[in-house]
Amino acid sequence: MIFDPLFLALVASAILFTIVANFMVKGRFNKYSKVRTQNGITGAQAAAQILREAGITNVRIEQTPGALTDHFDPRGNVIRLSESVYGAATVAAVGVAAHEAGHAVQYARGYFPMKIRAAIIPVTNVGSKLAMPLIFIGFILAAGAEAAGPNLGMMLVNLGIILYATVVAFQLVTLPVEFNASRRALVAINNSSMLTPQERRGSRKVLTAAALTYVAALAVSLMHLLFFILRARRR
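Treat the numbers as computed from the prediction; the structure is a model and nothing was measured.

1. Re the nonpolar core
(1) Moving on: Ranked by internal contacts, the top residues of the largest apolar core, which has 34 residues, are I50, L51, V59, I79, V85, V94 and M194.
(2) Moving on: Looking at this core, the elements with two or more residues in it are helix 1 (5-32), helix 2 (43-53), strand 3 (78-82), helix 4 (91-109), helix 6 (152-190) and helix 7 (197-234).
(3) Moving on: Apart from residues no more than four positions distant in its own chain, L51 is found in contact with I56, V59, I61, I79, A101 and A104.
(4) Moving on: Of all hydrophobic cores here, the second largest spans 21 residues; its members include F139, V157, I161 and A232.

Quick look at the structure:
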């Protein structure tokens, strides 16, 4: 498939975008991880301050292993911050921690796109596991089928495309969730004395780069979906 001109035109270009976005977010995070906050506030302290100012008292803040593994877990009502964020008094750490606190505020306020994303997770989990195998097996069976009309192979391909579309839908609804969390983070930072004006610009650059990774992931999935649909139509 990787030698298919259509695949190269659609998917490969989106994958290149993803690689660039990942390099950008890592580069900016590393750069601003070396810039210490003037008042010494750490990522964990920044997240706690945002929660406190939002009136949220039932969310824990914990440290988790790894790099850039920061996330908010709504099931446990806990913000997990990586080692380079939790206790780090850097511009990058404050930006990332504030973003995760933004997710916690979304959940507490019943942010609608977050509810939609949570609702379609079970279907998306099935789609992410079965879509690709069904599509590839379907194309193999279709290529070997003697009948010119509809066959089992194309039925599997079409089912796989439908399941893969649920993955695209999940990533599509993830965009407003992530963008809104970053917006909440930046508003909270700007309305407080966590960072100086110059430090705020650094946090904004880190969050902007992180947002690009979600755009890139959606682009890759959309191009995959379009490729499969076009190949299925040709069959």
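Now that the structure has been shown, the text picks up again.
2. Re a nonpolar patch on the surface
(1) Moving on: A surface patch of nonpolar side chains, amounting to about 480 Å² of accessible area, comprises I15, L16, I19, V20 and F23.
(2) Moving on: Here V20 is to be found in helix 1.
(3) Moving on: Its relative accessible area of 43% is what places V20 among the partly exposed residues.

3. Details of the sheet that holds strand 2 (residues 71-73)
What holds strands together in a sheet is hydrogen bonding between their backbones, with the strands either parallel or antiparallel.
(1) Moving on: Spatially, 1-3-2 is the arrangement adopted by the three strands of the open sheet, whose pairing is mixed. The sheet is open, and its two edges are formed by strand 1 (60-64) and strand 2, each paired on a single side. The mean angle between the axes of side-by-side strands here comes to 30°, regardless of whether they run parallel or antiparallel.
(2) Moving on: Its contacts with the sheet place helix 2 against strand 1 and strand 3, and it is angled at close to 160° to strand 1.

4. So, the packing of helix 5 (residues 112-144) against helix 6
(1) Moving on: One can describe the packing of helix 5 onto helix 6 by two numbers: an axis separation of 6 Å at closest approach and a directional angle of 150°. On the basis of their axis angle, the class for helix 5 and helix 6 is roughly antiparallel. When you trace helix 5 past helix 6, the crossing you get is left-handed.
(2) Moving on: Considered class by class, the residues forming the contact of helix 5 with helix 6 number 29 nonpolar, eight polar and two charged.

5. Examining the environment of H99
(1) Moving on: With respect to the helices and strands, H99 occurs in helix 4.
(2) Moving on: Under the relative-accessibility criterion, H99 is labelled buried at 8%.
(3) Moving on: Along the backbone, H99 and N180 are 81 residues apart, and their C-alpha atoms lie at a distance of 9.1 Å.
(4) Moving on: Contact partners of H99, with chain neighbours within four places excluded, come to E178, A181, S182, A185 and L207.

6. Section: helix 1
(1) Moving on: Helix length check: helix 1 (28 residues) gives 40 Å between terminal C-alpha atoms against 40 Å at 1.5 Å per residue, within 8%.
(2) Moving on: Along helix 1, the helix axis deviates most sharply at V11, where the bend reaches about 30°.
(3) Moving on: Within helix 1, burial applies to F7, L10, V11, A14, A21, V25, F29 and Y32.
(4) Moving on: Packed against the buried residues of helix 1 are helix 3 (83-86), helix 4 and helix 7.

7. Observations regarding the pattern of salt bridges
(1) Moving on: Counted under the stated rule, the structure contains five salt bridges.
(2) Moving on: The salt bridge involving R60 is made with E62; its shortest N-O contact spans 3.1 Å.
(3) Moving on: You can call E62 partly exposed: its relative accessible area is 27%.
(4) Moving on: For R75, the salt bridge is made with D73, and the minimal N-O distance between the two is 3.4 Å.
(5) Moving on: The exposure class of D73 is buried, given its relative accessible area of 11%.
(6) Moving on: If you follow the salt bridges from partner to partner, you end up with R60, E62, D73, R75 and R80 in one network.

Thresholds applied
Residues numbered from 1 in each chain as written. Predicted model: local features only at pLDDT ≥ 70, side-chain atom pairs only at ≥ 80, totals over all residues. Heavy atoms only, no water. Core = buried A, V, L, I, M, F, W, Y, C linked by side-chain atoms within 4.5 Å. Buried < 20%, exposed > 50% of the residue type's maximum accessible area, 1.4 Å probe, protein only. Helix = DSSP H or I, 4+ residues; strand = E, 2+ residues; numbered from the N terminus. Contact = heavy atoms within 4.5 Å. Patch = residues over 30% accessible without salt bridge, like charges linked within 9 Å, V, L, I, M, F, W, Y side chains within 5 Å. Areas by Shrake-Rupley, 256 points an atom, 1.4 Å probe, with all protein chains shown as cover. Salt bridge = Lys/Arg side-chain N within 4 Å of Asp/Glu carboxyl O. Pairing = 2+ DSSP bridges. Axes fitted to C-alpha atoms, helices over the stretch in contact; angles between N-to-C directions. Parallel < 35°, antiparallel > 145°, perpendicular 65-115°, else oblique. Left-handed = near helix turned anticlockwise from the far one by under 90°. Nonpolar A, V, L, I, M, F, W, Y, C, P; charged D, E, K, R; others polar. Expected span 1.5 Å × (residues − 1). Bend = angle between axes of the 7 residues up to and from the residue.

In short, the description is geometric, and any link to function would need to be established separately.
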